[in-house]
Amino acid sequence: EGNNIKITANGKEQLSYMTYRWDDDEETKVDINSMQTEQTIETPKGTHTLTVVMVDINNKTETKTQEVKCVKFRSGITIRAKKRISIFISIKRWRK
């Protein structure tokens, strides 16, 4: 399998959409329109910085930035800033 990162988020209000980007690349927008979401995105090779932004229906945002290295590991990080939106990034990456 390829290298993937699973992003899950939930909010006290309905989540409108999320964006994510690698390093300084262009953002990718994903419409959500739900109280929670789970998205799996492919990861590039090497060391990169992933930025995820969740936006709820009231335009409240939550941002998570994490460095990702192309090595064999599993990890997860949860953040709860403002206690409005919680983002969890799960990294499951395996070399072939």
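The paragraphs below set out a description of the structure included in this document.

1. Points about a negative patch on the surface
On the surface, D23, D24, D25 and E26 cluster together to form a negatively charged patch. Along the chain, the position of D25 falls in the loop between β1 (4-22) and β2 (28-42).

2. Some thoughts on the side chain of T37
Note that T37 resides in strand β2. Relative accessible area serves as the criterion here: at 11%, T37 is assigned to the buried category. Separated by 2.9 Å, the side chains of T37 and Q39 make a polar contact. The residues contacting T37, other than those within four sequence positions of it, are I7, T8, A9, L15, I32 and M54.

3. Considering the packing of aromatic side chains
In total, this model carries 0 aromatic pairs according to the counting rule given. Positioned above the aromatic ring of Y17 is the side chain of K29, whose terminal nitrogen or guanidinium carbon lies 4.4 Å from the ring centre.

4. Some thoughts on unusual backbone geometry
Within the chain, D23 stands out as a residue other than glycine whose phi angle is a positive 50°. With respect to the secondary-structure elements, D23 resides in the loop between β1 and β2. Residue D23 is classed as partly exposed on the basis of its relative accessible area, which comes to 30%. The phi torsion at N33 lies on the positive side, around 50°, for a residue other than glycine. Mapped onto the elements of the fold, N33 is located in strand β2.

5. Some remarks on the pairing of strand β4 (residues 61-68)
By the alternation rule, side chains of β4 split into E62, K64, Q66 and V68, which are all buried, and T61, T63, T65 and E67, of which none is buried. Looking at chain direction, strand β3 (residues 48-56) and β4 are connected through 8 bridges and run antiparallel. Paired with T49 across the two strands is E67, which belongs to β4. Hairpin connection of β3 to β4: 4 residues between the antiparallel strands, including N59 at a positive phi of 65°.

6. Digging into the pairing of β2
Where β1 lies against β2, 12 bridges are found, and the strand directions are antiparallel. Looking at β2, one finds that T8 is bridged to E38. Counting the residues that bridge the hairpin from β1 to β2 gives 5 residues, and of these D23 lies at a positive phi of roughly 50°.

7. Section: the environment of K64
The topology assignment puts K64 in strand β4. With a relative accessible area of 10%, K64 lands in the buried category. Each C-alpha atom of the pair K64 and M54 lies 8.7 Å from the other, and the pair is 10 residues apart in sequence.

The rules we used
Within any chain, residue numbers begin from 1 and follow the written order of that chain's sequence. Note on the predicted model: pLDDT of at least 70 is required for a residue's local features to be given, and 80 or more for side-chain atom pairs to be given and counted; whole-chain, interface and lining totals, by contrast, use all residues. Derived side-chain values reflect all non-hydrogen atoms in the structure, with water molecules and hydrogen atoms excluded from consideration. Put simply, a patch holds well-exposed residues, over 30% relative accessible area, that have no salt bridge, with like charges counted together within 9 Å and Val, Leu, Ile, Met, Phe, Trp or Tyr side chains within 5 Å. In short, Shrake-Rupley with a 1.4 Å probe defines the accessible areas, and a residue's cover is counted only from the protein chains shown. By convention in these notes, a salt bridge is any Lys or Arg side-chain nitrogen within 4 Å of a carboxyl oxygen on Asp or Glu. Positive charges come from Lys and Arg, negative ones from Asp and Glu, while His and the chain ends are left out of the count. For the purpose of locating charges, the reference atoms are NZ of Lys, CZ of Arg, CG of Asp and CD of Glu. A run of H or I in DSSP counts as a helix once it spans at least four residues, and a run of E counts as a strand once it spans at least two, with each numbered from the N terminus. Partly exposed describes any residue whose relative accessible area lies between the buried limit of under 20% and the exposed limit of over 50%, with all areas from a 1.4 Å probe on protein chains only and scaled to the type maximum. Here a polar contact is taken to be a pair of N or O atoms separated by no more than 3.5 Å, where protein atoms must pair a possible hydrogen donor with a possible acceptor and residues adjacent in sequence count only if both atoms sit in side chains. Two residues qualify as a contact provided that any one of their heavy atoms is within 4.5 Å of a heavy atom in the partner residue. Ring pairs shown here join Phe, Tyr and Trp side chains whose ring centres sit within 6.5 Å, with only the six-membered ring taken for Trp; geometry is labelled stacked below 30 degrees between planes, edge-to-face above 60, and tilted in between. Geometrically, a charge over a ring is one whose NZ (Lys) or CZ (Arg) sits within 6 Å of the ring centre while staying within 35 degrees of the ring normal. Only when DSSP finds a minimum of two bridges between them are two strands counted as paired.

Distances and angles like these do not, on their own, reveal function.
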